[in-house]
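Here's the letter readout for the chains.
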Protein chains: 2
Amino acid sequence: MAKPPPRLFVESPLVTGETVALEKGQTHYLKNVLRLEVGATVALFNGRDGEWHGAFGISGNAGSVVAETLQRTQSEAAGPGLMFAPIKKGPMEIMVQKATELGVARLNPVITDFTDVVRFNRARLRATAVEAAEQCDRLSVPEIEDPLSLSERLENWPANTRLLLAAEAGTAMPIFEALAEIKAAGTGSDWVLAVGPVGGFSPAEHEMLRELPYAVPVGLGPRLLKAETAAIAALSCWQSILGDWDNRPIDRNAG
Amino acid sequence: MAKPPPRLFVESPLVTGETVALEKGQTHYLKNVLRLEVGATVALFNGRDGEWHGAFGISGNAGSVVAETLQRTQSEAAGPGLMFAPIKKGPMEIMVQKATELGVARLNPVITDFTDVVRFNRARLRATAVEAAEQCDRLSVPEIEDPLSLSERLENWPANTRLLLAAEAGTAMPIFEALAEIKAAGTGSDWVLAVGPVGGFSPAEHEMLRELPYAVPVGLGPRLLKAETAAIAALSCWQSILGDWDNRPIDRNAG
């Protein structure tokens, strides 16, 4: 079994014959970490043009790949968004990495009453998301938005979008029952999953969120989950019931 | 709203009037980190006798708690076990922490063909599990077993126990459909979830596992999940459908 080629996210358009200049870090990775030979196959994706194979080239310190063949067309089910309050660096990176693997479409940080982490390093989290997308075979990288206050975010709520609220308190339908009912009803809409910060949403926020006409408060069981655990668990349940988990991974060793 | 009391796992029996000696680290945490006053309430659990409240005391450097009132009886739904190959320290700790929050009953490390991490620091992972159990309101700490080879583990397979196999390749029913069918059939059994190491189970292992009469191979969608992500996702789905997610968290601010 041949090892699948290294997979890189690039910003450039991908069309036959296009020479894609690599970033310094990408060149270093291919040349010095993987010790890739000139001419070796590299897989590229940019979130728009599908996945391409091309040949690695290097000139001085500048690496490039010439796009040669389209391997997969850009057709991916849209996952849900994830609305969350910034948390500490370690758990924040875990949340972004796992949410990317689990097919999140975009990440919406919101500042809530109990959010005590002010620093939100968007560039760093973007790098985490790119790396996770490269490794998990996604054709896109989730968008990471700038933080908004919770009320700003709700004022700009997108049309035809429902909110699956991980409700830490109060009555809530178990997530499985709620999602199975929604699946059976078969009404299409976009989704955003929401988890509170450490310490949860404040009682006022919690009540306000629950009352939104597009909100579905759901329960994630009797244990107190950390914010990132709640996000990963809710995303897993959503994907398994409403998402694309009827599909299997691509067999990279076939053909 | 009063803050809930700190929650500690202890090994001692818990009965009315019992003085429970705390470990050095626990005493340090209560006295120097939380700056708890003598007489303040501490919550204790030991995995057998429910959760107790008691009064913090200190004599020299030795902290103790006198158990006073039973708050919750020891009644917890048994979660599934998790069989996994040891992975690197960071992801390994994430897996143990999140699996504990998600109610895993026991952790069974197995050495597989593609397991390239030989070091399995059971004591350290036990500490991670204890801390997660304290924080997530569990009444028990999952058992962490010593690593066995995959074949040893299967030779000693427990009775009436089914294996939910996160199948990276080959045909597999989507996890939601498989679990919903099992729920509808209503046949009781214990469960162990299994995820492969980085690089997956070897083709021979994969085939062998799929053929086990008690195995249910399931799919977790089209993306390649890291080992710890697959474990967290499978556990979330299992708990949401076959587990105890009909229950809500205890309201610690009530009463």
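Remember, predicted model here, so these are calculated numbers, not experimental data.

1. Points about the interface of chain B and chain A
Contact with chain B, which involves 47 residues of that partner, is made by 47 residues of chain A. A buried area of about 4,100 Å², summed over both sides, lies between chain B and chain A, and 59% of it is on carbon and sulfur atoms. Taken as a group, Arg223(B), Trp245(B) and Arg248(B) account for 20% of the area that chain B buries against chain A, more than any other trio of residues on that side. For the pair chain B and chain A, the number of links is 4 salt bridges. Arg223(B) serves as the salt-bridge partner of Asp244(A), at 2.9 Å between the closest nitrogen and oxygen. Here chain B is connected to chain A by 22 residue pairs in polar contact (both at pLDDT 80 or more). Mapped by element, the contributors of at least two residues to the side of chain B that touches chain A are helix H2 (89-101), helix H3 (122-136), helix H5 (175-185), strand E13 (215-219) and helix H7 (227-242) of chain B.

2. Some points on the sheet that holds strand E5 (residues 62-72) of chain A
All names here are of chain A. Across the sheet, 5 strands lie side by side as E1-E3-E4-E5-E2; this open sheet has mixed pairing. Sheet topology places strand E1 (7-9) and strand E2 (19-21) at the edges, where each strand pairs with a single neighbour. Within the sheet, the average angular offset between the axes of one strand and its neighbour, ignoring direction, is 40°. Here E2 pairs with E5 via 3 bridges, running antiparallel. Bridge assignment links Thr 19 to a residue of E5, and that residue is Val 66. Along the sheet, helix H3 (residues 122-136) contacts E1 and strand E3 (41-45); its crossing angle with E1, the most-contacted strand, is approximately 145°.

3. Thoughts on the pairing of strand E7 (residues 106-111) of chain B
Residues and elements named next belong to chain B. Sheet topology places strand E6 (residues 81-84) next to E7; 4 bridges connect them, and they run parallel. Pairing of Met 83 across the sheet is with Asn 108, part of E7. Bridge analysis of E7 against strand E8 (residues 143-144) gives 2 bridges, and the strand direction is parallel. Paired with Leu 107 across the strands is Ile 144, a residue of E8. In this region the chain leaves E7, passes through H3 and returns to the parallel neighbour E8; the handedness of that crossover is right-handed. Bridging between E7 and strand E9 (residues 148-149) involves 2 bridges; their strand directions are parallel. Paired with Val 110 across the strands is Leu 148, a residue of E9.

4. A few points about the sheet that holds strand E1 (residues 7-9) of chain B
Either a parallel or an antiparallel arrangement is found when strands of a sheet pair, and the pairing is made through backbone hydrogen bonds. Residue and element names in this part refer to chain B. The strand order E1-E3-E4-E5-E2 describes an open sheet built from 5 strands, whose pairing is mixed. Strand pairing shows two members of the sheet lacking a second neighbour, E1 and strand E2 (19-21), which therefore form its edges. The mean angle between the axes of side-by-side strands here comes to 40°, regardless of whether they run parallel or antiparallel. Pairing geometry for strand E4 (residues 51-59) and strand E5 (residues 62-72), over 9 bridges, is antiparallel. Bridge pairing in E5 links His 53 to Thr 69.

5. Quick look at the packing of aromatic side chains
Aromatic rings considered in pairs are described by the distance between their centres and by the relative angle of their planes. Enumeration over the complete set of coordinates arrives at 7 aromatic pairs over all chains. Arg7(A) extends its terminal NZ or CZ atom over the ring of Phe45(A), reaching a point 4.2 Å from the ring centre.

6. Describing the domain arrangement of chain A
Residues and elements named next belong to chain A. For chain A, the domain assignment lists domain 1 (7-72) and domain 2 (81-242). Of note, the centres of domain 1 and domain 2, computed from C-alpha atoms alone, are 33 Å apart. Between domain 1 and domain 2, the residue contacts involve 10 residues of the former and 9 residues of the latter. Of the roughly 760 Å² buried where domain 1 meets domain 2, counting both sides, 55% is carbon and sulfur surface. Three residues stand out in domain 1 for area buried against domain 2, namely Arg 7, Phe 9 and Phe 45, and they jointly supply 63% of the buried area on that side. Our count for the contact surface shared by domain 1 and domain 2 stands at 2 salt bridges. With its nearest N and O atoms 3.7 Å apart, the salt bridge here joins Arg 126 to Glu 11.

7. Let's talk about the relation of the copies chain B and chain A
When chain B is fitted to chain A, the best match, at an RMSD of 0.0 Å, comes from turning it 180° and sliding it 0.0 Å along the axis. Those values place the two copies in the arrangement expected of a two-fold rotation axis. Of the C-alpha atoms belonging to chain B, the one lying closest to the rotation axis is found on Cys237(B), 2.8 Å away. Comparing contact sets, 100% of the residues at the interface of chain B also lie at the interface in chain A, consistent with an isologous, same-surface contact.

8. With respect to helix H7 (residues 227-242) of chain A
Between its first and last C-alpha, H7(A) extends 22 Å over 16 residues, near the 22 Å set by a 1.5 Å rise per residue. The buried fraction of H7(A) amounts to 15 of the 16 residues, a majority that puts the element mostly inside the structure.

9. So, a nonpolar patch on the surface
Among the surface-exposed residues, Tyr29(A), Val33(A) and Leu34(A) lie close enough to one another that they form a single nonpolar patch of about 250 Å² accessible area. The topology assignment puts Val33(A) in helix H1 (residues 24-33).

10. Considering the environment of Ala43(A)
Residue and element names in this part refer to chain A. Along the chain, Ala 43 falls in strand E3. Residue classification places Ala 43 among the buried positions, given a relative accessible area of 1%. Residues Ala 43 and Gly 54 lie 11 residues apart in sequence; the distance between their C-alpha atoms is 6.5 Å.

11. A word on the pairing of strand E3 (residues 41-45) of chain B
All names here are of chain B. The element E3 is extensively covered by neighbouring structure, given that 4 of its 5 residues are classed as buried. Pairing analysis gives 5 bridges linking E3 to E4, with the strands arranged antiparallel. Counted as the bridge partner of Phe 45 is Glu 51 from E4. Remark: 5 residues form the turn of the hairpin made by E3 and E4, two consecutive strands paired antiparallel; Gly 47 in that turn has positive phi of roughly 85°.

Conventions and cut-offs
- Residues numbered from 1 in each chain as written.
- Chains lettered and ligands numbered in written order.
- Predicted model: local features only at pLDDT ≥ 70, side-chain atom pairs only at ≥ 80, totals over all residues.
- Heavy atoms only, no water.
- Contact = heavy atoms within 4.5 Å.
- Buried area = accessible area lost by both parts, 1.4 Å probe.
- Salt bridge = Lys/Arg side-chain N within 4 Å of Asp/Glu carboxyl O.
- Polar contact = N/O pair within 3.5 Å; in protein donor to acceptor, adjacent residues only side chain to side chain.
- Helix = DSSP H or I, 4+ residues; strand = E, 2+ residues; numbered from the N terminus.
- Pairing = 2+ DSSP bridges.
- Axes fitted to C-alpha atoms, helices over the stretch in contact; angles between N-to-C directions.
- Right-handed = clockwise from strand over helix to strand, strands pointing away.
- Phe/Tyr/Trp six-rings, centres within 6.5 Å; stacked < 30°, edge-to-face > 60°.
- Lys NZ or Arg CZ within 6 Å of the ring centre and 35° of its normal.
- Domains from an automatic or database assignment.
- Least-squares fit on C-alpha atoms with pLDDT ≥ 70 in both.
- Expected span 1.5 Å × (residues − 1).
- Buried < 20%, exposed > 50% of the residue type's maximum accessible area, 1.4 Å probe, protein only.
- Patch = residues over 30% accessible without salt bridge, like charges linked within 9 Å, V, L, I, M, F, W, Y side chains within 5 Å.
- Areas by Shrake-Rupley, 256 points an atom, 1.4 Å probe, with all protein chains shown as cover.

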